[in-house]
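# Chain and residue survey
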Amino acid sequence: MKQFDTRRPEFLPYGFTCELWMPACMPRPDKHSEVELNWLRSGSLTYLLGGRRVTIPAGRLAIFWAAIPHQIVAFEGHHPYFVVTVPLGEFLAMGLPPEFIHRLLEGELMLEPGSEPTDPLKFQQWERECRQPDPPVERAVRLEIQARLLRLARRISQRPPASCPDPALSRADQLACYIARHYQEPLTASRIASAHGLHPNYAMTLFRRAFGTTMTEFITRHRLCHAQRLLVTTDLPILEVALAAGFQSLSRFNEVFKKLCGCTPREYRKAHQPPREARGRSTRSSTARLAQPHRASAAQPRAGR
């Protein structure tokens, strides 16, 4: 049974998971790049999320972007609860409504209005099946979670959104949200800071203090996650994958990929991509359309080291 490890480095990815956790107060906030789902069989969890206090009751699915600092400060009950983490790139490719994604990336914790009778059995099944690596079964779990999120988004769509940006969302969190929405575009410290009325040097310092990493590193992690998804789920040429994920050159993409993943993009694709017959028809055109970066003028200083 898992609990938060205070020695865990900030922004260390969890990857795709479905696990049981024991409720416990966290001595410090956690931050990681995945989207996180919580579902409790009993009791409740109270988080400080981006400076706001929010409570998740039992039986109602909750979802939030875990790059926002989140810390359990209170709980009721001692039964384990389910935690699902979905890499952001994979989440963004699920075809969810743009408004739902926008609200999530603005730092809102979204709570399902009511309960879903099938959730107890589904979460138990996903957790059990994720314990033993079996690619076809894991793919089924991913598809079922995607379907669950599509239903969640539909049910939440009737609820009025929180004010944007939430005044309780810190400046650093707003910068991180902006990056998560625009990482496929050419990004610079000037552009990111200007969008929030800040000086670039102040924005870079603020970001590093809050997240323990630079804007450049944060952007690169988002782009890399997006590229990994495209390598596994499409037949796009490596150059198109690099450009669609937001990298400005193939050489830079290859350099970053090898450094952070320990292999080349081609080797990663070969090791992780299922056979063509298992994937069905190529998703090249639809994924390319989804992944197409917005055109933006390149500003001057990089979002820097």
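Reading the values: the criteria
- Residues numbered from 1 in each chain as written.
- Predicted model: local features only at pLDDT ≥ 70, side-chain atom pairs only at ≥ 80, totals over all residues.
- Heavy atoms only, no water.
- Phe/Tyr/Trp six-rings, centres within 6.5 Å; stacked < 30°, edge-to-face > 60°.
- Helix = DSSP H or I, 4+ residues; strand = E, 2+ residues; numbered from the N terminus.
- Buried < 20%, exposed > 50% of the residue type's maximum accessible area, 1.4 Å probe, protein only.
- Lys NZ or Arg CZ within 6 Å of the ring centre and 35° of its normal.
- Core = buried A, V, L, I, M, F, W, Y, C linked by side-chain atoms within 4.5 Å.
- Contact = heavy atoms within 4.5 Å.

This next bit is on the packing of aromatic side chains. Scanning the entire structure with this criterion turns up 11 aromatic pairs. Judged by centre distance (5.4 Å) and plane angle (80°), the ring pair of Phe257 and Tyr268 falls under edge-to-face. Here Tyr268 lies in helix 11 (residues 265-272) and Phe257 lies in helix 10 (residues 250-261), a separation of 11 residues in the sequence. Across this residue pair, the class does not change: Phe257 and Tyr268 are buried. Three or more aromatic residues joined by ring pairs form one cluster here, namely Trp39, Phe82, Phe123 and Trp126. The aromatic ring of Tyr14 is capped on one face by Arg8, whose charged end is 3.5 Å from the ring centroid. We note Arg142 situated over the ring of Phe16; from NZ or CZ to the ring centre the distance is 4.1 Å.

On to the nonpolar core. One finds Ile63, Trp65, Phe91, Phe100 and Leu149 to be the most contacted residues of the largest nonpolar core, which totals 70 residues. Per-element tally for this core: the top contributor is helix 5 (residues 171-182), with seven residues. With residues up to four places along the chain from it excluded, the contact list for Leu149 reads Leu37, Ile63, Phe91, Met94 and Leu96. Core analysis: the second largest hydrophobic core is formed by 16 residues, Ala227, Leu231, Ala242 and Cys263 among them.

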